[in-house]
Amino acid sequence: MKSPTAARVCPPEPSSAFSRSFSEQRLREAGETARAAAEEARVAAEEARHAAIGAVQATADTLNATFENMKIVEEMRRTLRDIRLVNKLDSN
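Residues numbered from 1 in each chain as written. Predicted model: local features only at pLDDT ≥ 70, side-chain atom pairs only at ≥ 80, totals over all residues. Heavy atoms only, no water.

S.K.: Help me understand the overall build of the chain, please; the structure alone is not making it clear to me.
M.R.: Across its full length, the chain holds two helices and zero strands. Relative to its full complement of 92 residues, the chain shows a buried share of 0%. Carbon and sulfur atoms form 62% of the exposed surface of the chain, whose accessible area is close to 8,600 Å². (Helix = DSSP H or I, 4+ residues; strand = E, 2+ residues; numbered from the N terminus. Buried < 20%, exposed > 50% of the residue type's maximum accessible area, 1.4 Å probe, protein only. Areas by Shrake-Rupley, 256 points an atom, 1.4 Å probe, with all protein chains shown as cover.)

This is the structure we're talking about:
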């Protein structure tokens, strides 16, 4: 006589295939969400890079203008020294 447990062979649960399919779908959706988030982050990083480049360019332009102004002021100081020197020589 066969034992009662040996006669019972459990077929795979029908829900296990569904669970696997559902899990795979969730993984695909999570992957797509991650890809979309990564693309958004890449776009934001690119925009930030462009903003930083713009800020650096604006700083360079400001420094250049300041340097030009300093050269003008230095030329004015030389001219003033020359005028004072001529006036000092004339008074002697």
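Right, picking up where we left off after that structure.
S.K.: I keep staring at the pattern of salt bridges and nothing clicks. Help me out?
M.R.: Any two side chains of opposite charge can pair, given that their charged atoms come close. If you walk through the whole model with that rule in mind, you get seven salt bridges. A salt bridge links glutamate 68 to lysine 71, with the nearest nitrogen and oxygen atoms 3.2 Å apart. Here the residue glutamate 68 and the residue lysine 71 both occupy positions in helix 2 (residues 14-91), the gap between them amounting to three residues, near one helical turn. Judged by its relative accessible area of 35%, glutamate 68 is partly exposed. Since its relative accessible area comes to 41%, lysine 71 is described here as partly exposed. For arginine 81, the salt bridge goes to glutamate 74, with nearest N and O atoms at 3.7 Å. (Salt bridge = Lys/Arg side-chain N within 4 Å of Asp/Glu carboxyl O.)

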